[in-house]
Amino acid sequence: MTQVGTTSIRRWIPEVEEGLKPIVEKTTFSSVDAAFNFYNHYAKKAGFSVRRGSNKYNKSQEEIWKMFVCSKEGTTDNKVQMKYGVVKRRRSITRESCKARMTIKKEGGGPNYIVKKFVEEHSHELATPRKKHLLRSHREVCNAQKNLENTFTQTGIGISQTMNVLAIESGGYENIGCIEQDVRNYERDKRKETKDHDAQLLYEHFSEMKELDPSFTYNVKVDVEGRLTHCFWADPISRKAYHHFGDVIVFDTTYNTNHYELIFAPFTGVNHHGQSIILGCGFIHNETTESFIWLFEKWCEAMLGDPPKAIITDQDPAMTKAIAIVFPNAFHRYCIWHILQKVPEKLGHIAFKDEFKVPFYDSIWNSEKPEDFEVKWSKVIEENELDHNDWLASLFNIRHKWVPAYLRHVFFAGMSSSQRSESTNAFFRKYVSKNNSLMDFIIRFDRGVARQRHNELVADHETISSKPKLKTLFAMERELGETYTRSIFYKFQEELYESTIYIAILLQKIEGLCIYNVGVCEGTSPERLVEFKMESKQAKCSCLKFEFEGIPCRHILCILRQSRIPNLPDHYILKRWTRDAKLDFVYEASSVELNTEKHESYALRYSNLLDISRNLAKESANFKETYHMCKEGLQDILKRVQDQKLVAGSGKRLISEREKVARKKDKRRCNGCGKWGPGHDKRNCPIWKKLIRSPACQEPSMNEVNMCEEPSDDEVDMHEEPSDDEVDLHEEPSDDEVDMHDETLDDEVETLGHDTPLS
């Protein structure tokens, strides 16, 4: 870089190889883009950034003159900076009236452009080699970086961490080719592209899933204005899981999962490992009885089997009413955790006094029978003078829906609260946020579900591939170690081991029914009454653990052990807790077996090829000979793939969000000339520009330009794929056509989205 001029007026001339400089009246280019790329390459070597400047057209609206300028050309308008007297955004002044430029012109009617003017001098310092990667025209988020960023975004990895990975792969931040703000702008542009199409993209995504797999089911509801208000979906794996584990359901709603504040409502169940599983999901726009009824009915239609026997929810009146209508025979339990969380809020300082807190919680958790609870509750209320507390009175009126003493006889898979659903929601919050679009949510949610199902696969493998360590020599323990899943066996093993310190004392025997008092010789564990029929080997304990959890308690096991029954009777082994819980075939209503096999997707094929490529690169990069051999081979394969125009089967791939939006943009109608075409609107319409350049500067009349007519039947139907004989509307414009992709289109036609009609 050479500095010239006086002290007051300084100029900088880049020191660049002569071969990289354009030569006036000699250097030619085949297109405007080729000229820009040449000048931009020169600018990178010189240390400045380039902008596209003015242009001129001939009568045929052909671009015949173009100017490229330094990014610091021109001046900043302070009036814009201080509009309404408030600086909306603190931005530095970057324009310094730099005159460096290159102009090209098409002459003689030929196809090429020739350099007509080239100014080297700059009015500012040029960037040093270490800072050239920060210049705007030399920064770009390449396709590989976009793919990596998309993958990281779907897994919840932030942009800052993405930049760290790119820096490691590139050998430094200066070699990435873009800065963090460019990646953030790319994310912003993606959100803009899908902003007005979100609901429609979601609907199309579900439709394609249904087409790929008929066992996938979904329902969508819109309001009178066509806006999405309700949505439900369930894949075949969830539907099959409900058939095996749909006896107990936890239902809870959660907020802040998407940009539109739709309420996410997952149906959560418990599998044979005691893990949470998703049995269907929905979106509702409000928590009214009507919304819950719609969601419950669609869920029932999709699930295979009888309605659930037990449901756990929070204390929501609308939800309670809807469950009573849709599931009249199900046991509906309120989440005890949600109720007890409100105690400090409703009672204030009284909730922290020991004279209230200890007996209050004792009445809830340690009451074996409903009568015991009522006596203890009344005593707590009376001693603390809370007779007139309306909230406690309301809790007592609905005690049969949340107090354990009233619900231990019902199988709830050991759950007394919706905390399992809360933990599931917390798990999925790792993948989603309130800034997600609906499609972003679905993609990230599916990844969370995939992780959840992989955990189940790991538990299946551990159960089958290894054996648990036994604590006793009982045949019952060895037998159940091969029957139960591993996590359920450990719960049973604990009960069996503890049963060895219990002693059963016969209290009464009436016609084959023996009543025992079971307890520990020395200890604080409460004694339990067990009714046992020797003939049928059936026992019922007052703790009701088996009825509530489906695992025999230590008291029953003590009776069986003392009665010299070596094996656990079959009626104490629930199939839902065993290894064979999922062996049953599941059929659709049409008697067709439910298919849960995954289709070979584009992502799977891409992942397989990527694994092969990584192994190939790892092995061949060690030596120059293998490196060159591998490189030549891959280049040959790439050329053969690009040249080969064969359709691989008849399978369909899922179209990406951006591709869908791009297709919708191809269906744009110009409000200037009324014609339809890609990347064309009133802003860059050549006919409209010609009209507004006329002296009259008037709006074109309806006779001059038809701006409102729909395309006729003779015009190209842009909703169908064009055949080989039809006009390819996606070709790049020729040299005779107007370059309509020079500037960003601001006035886009609104298309279908969350706030716009679906139809």
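Anything mentioned here points back to the structure above.
Note that the structure is predicted; figures quoted are calculated from it, not measured.

Cut-offs used in this document
- Residue indices follow the written sequence of each chain, beginning from 1 at its first position.
- At least 70 in pLDDT is required for a residue's local features to be given in this predicted model, at least 80 for side-chain atom pairs to be given and counted, and no such filter applies to totals for whole chains, interfaces and linings, which use all residues.
- Remark: hydrogens and water are excluded; side-chain values derive from all non-hydrogen atoms of the structure.
- For the purposes of this entry, the term helix denotes a DSSP run of H or I that reaches at least four residues, the term strand denotes a run of E that reaches at least two, and both are numbered from the N terminus.
- What makes two residues a contact is simply this: any of their non-hydrogen atoms within 4.5 Å.
- A 1.4 Å probe and the Shrake-Rupley method give the accessible areas. Residues count as covered only by the protein chains that appear here.
- Side-chain atoms alone can form a polar contact between residues adjacent in sequence; in general such a contact is a pair of N or O atoms within 3.5 Å, and within protein one must be able to donate a hydrogen while the other accepts it.
- Three labels apply to residues, based on accessible area from a 1.4 Å probe with only protein chains included: buried if under 20% of the type maximum, exposed if over 50%, partly exposed otherwise in between.
- As defined here, a cavity is a set of points on a 1 Å grid over the protein atoms alone where a 1.4 Å probe fits but cannot get out. A pocket is an open set with protein on both sides within 12 Å along at least five of seven lines, and residues line them when an atom is within 4 Å of a point.
- Grid points are joined across faces, edges and corners, and a volume is the space filled by probe spheres set on the points.
- Charged means Asp, Glu, Lys or Arg here, nonpolar means Ala, Val, Leu, Ile, Met, Phe, Trp, Tyr, Cys or Pro, and polar covers whatever is left, Gly included.
- Paired strands are those between which DSSP finds at least two bridges.
- Any Lys or Arg side-chain nitrogen located within 4 Å of an Asp or Glu carboxyl oxygen qualifies as a salt bridge.
- Under this scheme, a helix contributes an axis fitted over its contacting stretch, all axes are lines through C-alpha atoms, and angles between N-to-C directions fall in the 0 to 180 degree range.
- Comment on the angle field: the value is read as roughly parallel under 35 degrees, roughly antiparallel over 145, roughly perpendicular from 65 to 115, and oblique elsewhere.
- In this scheme, a crossing is called left-handed if the near helix is turned counterclockwise away from the far one by less than a right angle; it is called right-handed if the turn is clockwise.
- Here, nonpolar core means buried Ala, Val, Leu, Ile, Met, Phe, Trp, Tyr and Cys residues that are tied together by side-chain atoms lying within 4.5 Å of each other.
- Every patch collects residues that have over 30% relative accessible area and no salt bridge, joining them within 9 Å if they carry like charges and within 5 Å if they are nonpolar side chains (Val, Leu, Ile, Met, Phe, Trp, Tyr).
- To estimate the expected span of a helix, count its residues, drop one, and scale the result by 1.5 Å.
- Positive: Lys, Arg. Negative: Asp, Glu. His and the chain ends are not part of the count.
- In this description, the location of a charge corresponds to atom NZ of lysine, CZ of arginine, CG of aspartate or CD of glutamate.

Q: Tell me what's going on with the overall build of the protein, and back it up with residues and numbers.
A: The secondary structure content of the protein amounts to 25 helices and 18 strands. Across the protein, the fraction of contacts at a sequence separation of at least 24, relative to all contacts at a separation of at least 6, is 61%. Total accessible area on the protein stands at roughly 44200 Å², and carbon and sulfur atoms take up 50% of it.

Q: So, the side chain of R576: which residues are in play, and what are the values?
A: Mapped onto the elements, R576 comes out in the loop between α21 (554-562) and α22 (602-620). From its side chain, R576 meets the backbone oxygen of V270 in a polar contact 2.9 Å long.

Q: Explain the side chain of S238 residue by residue, including any values.
A: Within the element layout of this structure, S238 appears in helix α7 (residues 236-245). Residue class for S238 comes out buried when judged on its relative accessible area of 3%. There is a polar contact of 2.9 Å between the side chain of S238 and the side chain of D235. Engagement of the side chain of S238 in a polar contact is seen with the backbone oxygen of I278, the distance being 3.0 Å. Those residues in contact with S238 that sit more than four places away from it in its chain are I278, L279, G280, M303 and R453.

Q: Can you break down empty space enclosed by the protein residue by residue, with the values?
A: Applying the stated rule across the entire model yields 1 cavity of 30 Å³ or more. Of the pockets and cavities examined, the largest cavity occupies roughly 40 Å³. Contributing to the lining of the largest cavity are I249, F251, F267, F296, W299, P308, I311, I323 and F327. Here the lining of the largest cavity is built from residues that sort into 9 nonpolar, no polar and no charged.

Q: Give me the pairing of strand β12 (residues 276-284): which residues, what numbers.
A: Across the 9 residues that make up β12, a large majority, 9, are buried. Bridging between strand β11 (residues 263-270) and β12 involves 7 bridges; their strand directions are antiparallel. Of the residues in β12, the one forming a bridge with A265 is G282. Connecting the antiparallel pair β11 and β12 is a turn made up of 5 residues, with G274 showing a positive phi of about 80 degrees.

Q: Lay out the pattern of salt bridges in plain terms, naming residues and giving numbers.
A: Pairing between side chains of opposite charge can happen when the charged atoms of each approach one another. This model, assessed by the stated rule, comprises 25 salt bridges. Here E107 and K116 are joined by a salt bridge, their closest N and O atoms 2.9 Å apart. Given the relative accessible area of 37%, E107 is considered partly exposed. With a shortest N-O distance of 3.8 Å, D636 and R640 are connected by a salt bridge. Here D636 pairs with R640, and both are found in helix α23 (residues 624-643), just 4 residues apart, close to one helical turn. For R640, a relative accessible area of 53% translates into the label exposed. Residues joined by salt bridges that share partners form a network here, namely E495, K545, E549 and R554.

Q: Give me the lowdown on the packing of helix α12 (residues 354-365) against helix α13 (residues 370-383), citing residues and values where you can.
A: Relative orientation of the contacting elements α12 and α13 amounts to 160 degrees, with a least axis distance of 8 Å. Classed by the angle they form, the pair α12 and α13 counts as roughly antiparallel. At the point where α12 passes α13, the crossing takes the left-handed sense. On α13, the residues touching F356, P359, F360, D362, S363 and I364 of α12 are F373, K376, W377 and V380.

Q: With reference to specific residues and values, describe the nonpolar core.
A: Counting 66 residues, the largest nonpolar core has F360, L392, W402, Y484, F492 and L568 as its most contacted members. Sort the elements by how many residues they give to this core and α21 lands first, with 5 residues. Residues I263, I277, M303 and A322 belong to the second largest nonpolar core, which totals 30 residues.

Q: Help me get a handle on a nonpolar patch on the surface, residues and values and all.
A: Taken together, the side chains of I503, I505, L507 and L529 present a nonpolar region at the surface, about 360 Å² in accessible area. Note on placement: I503 falls in strand β15 (residues 502-510). A relative accessible area of 38% places I503 in the partly exposed class.

Q: Got a sec to walk through unusual backbone geometry? Specific residues and values, please.
A: For E385, which is not glycine, the phi dihedral falls at a positive 55 degrees. Residue placement: E385 occurs in the loop between α13 and α14 (390-397). Residue E385 is classed as exposed on the basis of its relative accessible area of 69%. With a phi angle near 50 degrees, E511 is a residue other than glycine that sits in the positive phi range. Mapped onto the fold, E511 is located in the loop between β15 and β16 (513-520). Take E511: its relative accessible area is 83%, and that puts it in the exposed class.

Q: An account of the environment of E96 is needed here, citing residue identities and associated values.
A: Mapped onto the elements, E96 comes out in the loop between α2 (78-81) and β6 (101-106). For the pair E96 and K72, spaced 24 residues apart in sequence, the C-alpha separation works out to 5.3 Å. Those residues in contact with E96, other than ones at most four positions away along the chain, are K72, G74, S123 and H124.

Q: Please provide a residue-by-residue account of helix α1 (residues 32-46), values included.
A: With 15 residues, α1 ought to run about 21 Å at 1.5 Å a step, and its terminal C-alpha atoms sit 21 Å apart, in line with that. Here the buried face of α1 lies against β3 (28-29), β4 (50-57), β5 (63-70), β6 and β7 (113-119). Looking one or two residues beyond α1, the residue adopting positive phi is G47, at roughly 105 degrees.

Q: Could you give an account of the pairing of β5, naming the residues involved and the relevant values?
A: For β5, the tally of buried residues reaches 7 of 8 residues, placing the bulk of the element in the interior. Of the pairings in the sheet, the one linking β4 to β5 comprises 6 bridges and is antiparallel in character. Considered in β5, the bridge of V50 is made with C70. Linkage of β4 to β5, two consecutive antiparallel strands, is achieved through a turn of 5 residues, within which Q61 is found at a positive phi near 60 degrees.

Q: Account for a negative patch on the surface, naming residues and giving values.
A: A cluster of acidic residues, E382, E383, E385 and D387, forms a negative patch at the surface. Examined against the element boundaries, E383 turns out to sit in helix α13.

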